[in-house]
Amino acid sequence: MDDPRKPGDSAATADPRENHGAAATADPRENAELSATVDAGAFAMLGPVHPDERRPHDEIQEAVLDVSYAGRGNRRRWAPYVFISTPVGVLLTFFAGPLAVLAVYSFQVRSRGGDGSFTLDNYRAAVQPNILEVAGSTFVLATISMLILLVLAYPLAYFIALKVGRWEIPLLLALALSDELNPLIRIFGWRTILARNGLVNTVLQNLGITQAPLDWLLFTRFSVVLVLTASWMPYAVIPLYAAMKTIDRRVLEAASDLGAGWFTTFRTVILPLTATGFVATMVIVFIPIVSDFATPGLVGGTSGRMLASVIEDLFTRRGEWGVGSALTFLLLIVSGVVVYLSYRIARIRNLDTST
Amino acid sequence: MRAMKPERTSPPAPRIYWTLARRRRTATAVRVTFLAVMALLLFGPIVVLAVFSFNRSIVIGFPFRGGTLEWYRAALGETAAWDSLRASLQIALVVTPMCLLLGLLSAFALSRFRFRLRGVTGSFILLPLVIPWLLIGVSGLIFFSLVDVRLSLWTVGVMHVVIAFPLVTALLSAQLVRLDPHIHEASLDLGAGEIETLRHVIIPLLLPTIGASAVFVFSWSFNNFIVSFFTAGFDNTFPIWVFSSLRRARDLPVVNALATLISFVQIVVIVGVWQLLKVRLERRGQDIRDVVAGA
């Protein structure tokens, strides 16, 4: 019951915004075990990530907990429930409750004179060819964005974590800052840059590189991928950074002492050690990208339409809540499967490289 | 590139030295270029907006027709925008302390006690962080209509609490696990109860991390678009106002002036707060990198 490494938990901690989820559920006793396991990368935030670096605190804390449970167990037994009940109550009411309602709605037809009895009509309506087409293109666009994101974020995280020295904290804070600026304003900025009379076209024409304005810059799949990539960059870099931070510097020094060049070090040391963090990052960015409708809605035009825009449309303009719920639920299931598979793959991969 | 042609007479050592130096210079150049490109990707759009907000032209783009503050003046009269801005600020100001409280309670319980349901509750509390916001927003919309609550800024606030307080739980537990458990136990031995311990011992120690969490939660709430969009009803938050203005492509220079203004304030405030927190964290022997990399 208390084991934080159950599958459900794994999914919870595989996310981005909270890859230190594990820290919340791991108590000190499990902490050390955990850090020694394959999850080290994803659970970077645990702190003592390297097994050798188990701090004295952990043992003390273990002992303290044991003593306090033996000695004053009665006095403290109620305490955690007092603290945890309000947060859990809030989530049960406003998170689990609504999700349950959504699930129920997806099996009922209430509009168009439906009587609310159990039906699969919504799901049938949700898998029409035209929606499936958008789903396919959503998947392609999200995957491309995710790959570009990783290709750019990985070296950036590498530089920030291991290479820039005293610039590390300023750069990290710059990332946090860019994450805390308004995403819609950023999208607006991209529209200004990519528009027909925008920055890119004007510069290209003034330099004589193009004669007419390029019209594939905005309201196309290109702009969707570009803006998605730029928008979710901090979400990709920060977990990767955390994963890189768990690499013991001595390992890198050893690699260099043994004559490995940077590429060999990268391929044989850094990449395997951050594999789990890498997969966790894929999941972290994939989920928000798939459910983003502001970006495709504002820079996607018709060709860059994505599934989230369809859902938005069903709920806000067409009033098809049942179909919308069904589609939303399918999206959740697909993302869940993606999360789970990535997690499985990461575990297996990591076991391989550690032997 | 001052690539030295190795002289035939020179011993091998200097030649290696020069090759290494050259390689290091190239590496630095590559690194700086790369970082510059990433900075453009992250901050370029905001900079471009800022520049064009002073352009006299009604079209946001070239040619540049000379500087003006006209759009800022027009922005002052855009009441819908200021209303939405006030709404966003109000929501964030209410949501932030709520999230801090809920996050603190849950983090304290999860990282300082062992109890039967700890694993389950821990996973459950972190679940909103992995569920797409689209799903949370949509389910909130259906839920509130089912229980007959009119959508308003209040419903937005409630949903913001749901999505944001688990982040505080995660950030604070990460730091709580790092704290010396002796302190907690000493406080109990000296006769303090759990609540007094939390109030007089744990909270003061965690203050900088709580501050950092507040920055994140405030920004999440202030910037959130997807969840607000579904649960705001006829009310507008600032991101919703920006979205609808962009969609209708109306008064774009005014939107631009406002966006620039907001971004400027955000940058100043956030940089200032982070700087302050960095100093405070360092004074307590905590590392700001642990706090940021958790978010």
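Residues numbered from 1 in each chain as written. Chains lettered and ligands numbered in written order. Predicted model: local features only at pLDDT ≥ 70, side-chain atom pairs only at ≥ 80, totals over all residues.

**So, the overall build of chain A**
Logical step 1: If you tally the helices and strands in chain A, you get 19 helices and 0 strands.
Logical step 2: Expressed as a percentage of its 355 residues, the buried residues of chain A come to 50%.
Logical step 3: Taking the contacts inside chain A whose residues are at least 6 apart along the sequence as the reference set, 70% of them involve residues at least 24 apart. (Helix = DSSP H or I, 4+ residues; strand = E, 2+ residues; numbered from the N terminus. Buried ≥ 20, exposed ≤ 12 C-beta atoms within 10 Å, placed from the backbone. Contact = placed C-beta atoms within 7 Å.)

**Examining the interface of chain A and chain B**
Logical step 1: Listed per partner, the contact involves 99 residues of chain A and 95 residues of chain B.
Logical step 2: By residue number, the principal contributor to the side of chain A that touches chain B is helix 6 (residues 79-106) of chain A, which donates 18 residues.
Logical step 3: Partitioning the side of chain A that touches chain B into residue classes produces 63 nonpolar, 23 polar and 13 charged. (Nonpolar A, V, L, I, M, F, W, Y, C, P; charged D, E, K, R; others polar.)

**Observations concerning the nonpolar core**
Logical step 1: By size, the foremost hydrophobic cluster in this structure holds 184 residues, and its most contacted members are Ala157(A), Val237(A), Leu240(A), Tyr241(A), Val285(A) and Val242(B).
Logical step 2: If one sorts the elements of this core by residue count, helix 6 (residues 153-178) of chain B sits on top with 17 residues.
Logical step 3: Apart from the residues lying within four places of it in its own chain, the contact partners of Val242(B) are Leu184(A), Ile185(A), Phe188(A), Val255(B) and Ala259(B). (Core = buried A, V, L, I, M, F, W, Y, C linked by C-beta atoms within 7 Å.)

**Examining the environment of Ile136(B)**
Residue and element names in this part refer to chain B.
Logical step 1: Locating Ile-136 in the fold gives a position in helix 5 (residues 133-146).
Logical step 2: Given 24 C-beta atoms within 10 Å, Ile-136 falls into the buried group.
Logical step 3: Taking C-alpha positions, Ile-136 is 9.2 Å from Phe-230, a pair spaced 94 residues apart along the chain.
Logical step 4: Discounting chain neighbours no more than four positions away, the residues touching Ile-136 are Pro-128, Ile-131, Met-159, Val-162, Ile-163 and Val-227.

**Examining the environment of Asp251(B)**
Logical step 1: Looking at the secondary structure, you find Asp251(B) in the loop between helix 10 (238-248) and helix 11 (252-283).
Logical step 2: Taking C-alpha positions, Asp251(B) is 50 Å from Leu110(B), a pair spaced 141 residues apart along the chain.

**Brief notes about the packing of helix 3 (residues 79-112) of chain B against helix 10 of chain B**
All names here are of chain B.
Logical step 1: Contact pair helix 3 / helix 10: the axes reach a minimum separation of 7 Å and the direction vectors enclose 145°. Across the interface between the two elements, Ala-80, Ala-81, Ser-84, Leu-85 and Ser-88 of helix 3 pack against Phe-238, Ile-240 and Trp-241 of helix 10.
Logical step 2: Grouping the constituent residues of the contact of helix 3 with helix 10 by class yields 6 nonpolar, 2 polar and no charged. (Axes fitted to C-alpha atoms, helices over the stretch in contact; angles between N-to-C directions.)

Distances and angles like these do not, on their own, reveal function.
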